[in-house]
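Spelled out from the first residue to the last, the chains are:
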Amino acid sequence: EGYLGKLYFAREISSHGYFRPVVLKYIKNQYSHNRSLMRLLAQEIQQVSQLNHQNLVQLYKLVKLENYTFVVNEYVDGITLADVMERLRENRRRFPPHVACLFIYTLCGALGYANRKKDIEGNEQEVAHGKICPDNVMISKELDIKLLGMGLSKLNIMMQFQQNCDPLDDAEHIAPEVTSTGIP
């Protein structure tokens with residue numbers, strides 16, 4: 001469970017009966033009733049849903065069902081980099097440097113794509129990642145490396161302030177453009 005709320009596995013079913021696996025991120029009621037947070041979330045999801053890169057977990061949409069609000073995003077069948085690092089630690093093994101280089105190269109490519117992405121009018125989208133850390137890097141069963149949480153930086157900072165947490169306590173994982181400008 002994170003700042004937004006709990007995660008659920010689900011199937012999105014099309015009008016033609018096709019389905020795809022998705023992750024539903026339940027937005028806690030304390031946030032879903034806050035209009036300014038929901039407006040910011042909708043703006044960030046609108047912006048990030050335009051990103052389409054093989055190493056970014058795709059955010060699809062924001063859904064409201066009765067009194068529940070969910071963020072719908074791509075399901076990645078795999079484990080986090082944090083899980084891999086923990087298993088290595090348990091077995092007293094080190095992360096191979098050449099594999100670390102592959103992760104860095106792949107993640108930099110995904111972040112570079114997101115930072116260069118322009119909207120349909122040619123304007124820069126100014127997408128920042130909220131928290132780049134091993135918990136937000138997935139490795140699929142097919143060994144694809146995927147970055148989670150793209151574009152939710154402003155929302156995460158606002159929610160941390162609401163919970164009386166200092167978002168800069170975690171500054172080593174936050175994009176520099178977010179820490180330098182603070183809250184939007």
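Everything that follows concerns the structure shown earlier in this document.
In short, a report on the structure. (Residues numbered from 1 in each chain as written. Predicted model: local features only at pLDDT ≥ 70, side-chain atom pairs only at ≥ 80, totals over all residues. Heavy atoms only, no water.)

Some details on the nonpolar core
Our working rule: Buried residues of nine kinds, namely Ala, Val, Leu, Ile, Met, Phe, Trp, Tyr and Cys, make up a nonpolar core once their side-chain atoms join them within 4.5 Å. The classification of residues rests on relative accessible area computed with a 1.4 Å probe and restricted to protein chains. Under 20% of the type maximum is buried, over 50% is exposed, and intermediate values are partly exposed. In DSSP terms, a helix is any run of H or I states spanning at least four residues, a strand is any run of E spanning at least two, and both are numbered starting from the N terminus. Any two residues whose heavy atoms approach within 4.5 Å at even a single point are treated as in contact.
Counting residues in each nonpolar core, the largest one holds 24 residues, and the members touching the most others are L51, L56, V137, L147 and M150. Elements with a minimum of two residues in this core: α2 (35-48), α4 (97-116), β6 (137-140) and β7 (145-147). The element that contributes the greatest number of residues to this core is α4, accounting for six residues. In this view, M150 contacts V48, L51, L56, L111, A114, V127, A128 and H129; residues no more than four positions away in its chain are not counted. Within the second largest apolar cluster, six residues are counted, among which are A10, V22, Y26 and F70.

Digging into the pairing of strand β2 (residues 19-27)
Inclusion rule: At least two bridges found by DSSP between two strands is the condition for calling them paired.
In this structure, strand β1 (residues 7-13) lies alongside β2, joined through seven bridges in antiparallel fashion. Bridging from a neighbouring strand, R11 pairs with P21 of β2. What sits between β1 and β2 in their antiparallel hairpin is a turn of five residues, with G17 showing a positive phi close to 90°.

Some remarks on the environment of Q54
Assignment of secondary structure puts Q54 in the loop between α2 and β3 (59-65). Placed 55 residues apart in sequence, Q54 and G109 show a C-alpha to C-alpha distance of 10.0 Å.

Here's the deal with the side chain of T80
Keep this limit in mind: In the analysis that follows, any N or O atom pair within 3.5 Å is treated as a polar contact, provided that within protein one partner can donate a hydrogen and the other can accept it, and provided that, for residues neighboring in sequence, both atoms belong to side chains.
Mapped onto the elements of the fold, T80 is located in strand β5 (residues 78-80). Look at T80 and you get buried, because its relative accessible area is 14%. Within the structure, the side chain of T80 is placed 3.0 Å from the backbone nitrogen of D83, a separation counted as a polar contact. In this structure T80 touches P134, D135, V137, M138 and I139, once residues within four positions along its chain are discounted.

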